[in-house]
Amino acid sequence: MQITINGKPEEVQAGTVMDVLKQKDIDPHMVAVELNTQIVERDRLATTNVQDGDKVEFLFYMGGGA
């Protein structure tokens, strides 16, 4: 299926948001996920389905500072 991830169209073989994270090799504890402008709660990543044409944004936590 074709979805948009962080603004770029990508072909994925996924059923859920967690499937997409696994395919992209992203630790679900290190990212917040937005699906079609709605934040997906961490405990729902494995049960939230991804559909053809969906827009997914991965928001990574970054540390640092001066």
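Right above here is the structure, for reference.
Residues numbered from 1 in each chain as written. Predicted model: local features only at pLDDT ≥ 70, side-chain atom pairs only at ≥ 80, totals over all residues. Heavy atoms only, no water.

**Structural notes on unusual backbone geometry**
The condition is simple: Accessible area is worked out with a 1.4 Å probe on protein chains only. A residue is then buried under 20% of its type maximum, exposed over 50%, and partly exposed in between. Secondary structure elements follow DSSP: runs of H or I no shorter than four residues count as helices, runs of E no shorter than two count as strands, and numbering proceeds from the N terminus.
The phi dihedral of N36 falls on the positive side, at around 50 degrees, and the residue is not glycine. For N36, a relative accessible area of 34% gives the class partly exposed. If you check the backbone angles, T37 has positive phi at about 70 degrees while not being a glycine. Looking at the secondary structure, you find T37 in the loop between β3 (31–35) and β4 (38–40).

**Observations regarding the pattern of salt bridges**
Note the cut-off: One speaks of a salt bridge when a side-chain nitrogen belonging to Lys or Arg is within 4 Å of a carboxyl oxygen belonging to Asp or Glu.
Summed over all chains, the structure comprises 1 salt bridge. For the salt bridge of K24 with E10, the shortest nitrogen-to-oxygen distance reads 2.9 Å. Of this pair, K24 sits in the loop between α1 (17–23) and β3 while E10 sits in strand β2 (residues 8–11), and the two are 14 residues apart along the sequence. By relative accessible area, which is 34% here, K24 ends up partly exposed. On the basis of relative accessibility, which here comes to 21%, the residue E10 falls in the partly exposed class.

**Some remarks on the sheet that holds strand β1 (residues 2–5)**
What counts is decided by this rule: By definition, two strands form a pair when at least two bridges between them are found by DSSP. With axes taken as lines fitted to C-alpha atoms, and helix axes fitted only over the stretch in contact, angles between N-to-C directions fall between 0 and 180 degrees.
Within the open sheet, the 5 strands sit side by side as β2-β1-β5-β3-β4. Their pairing is mixed. The open sheet has two edge strands, β2 and β4, and neither has a second partner. Here the strands of the sheet are splayed against their neighbours by 35 degrees on average, with no regard to which way each runs. When β1 meets strand β5 (residues 55–60), the two strands line up parallel, connected through 2 bridges. Within the sheet, the bridge partner assigned to T4 lies in β5 and is K55.

**Re the environment of V31**
As a reminder, the rule being used: Here, two residues are considered to be in contact whenever any of their heavy atoms come within 4.5 Å of each other.
Among the secondary structure elements, V31 is positioned in strand β3. According to the relative accessible area criterion, V31 is buried, its value standing at 2%. Residues V31 and R42, spaced 11 residues apart in sequence, show a C-alpha to C-alpha distance of 9.2 Å. Excluding its chain neighbours within four sequence positions, the residues that come into contact with V31 are L21, I26, R42, F58, L59, F60 and Y61.

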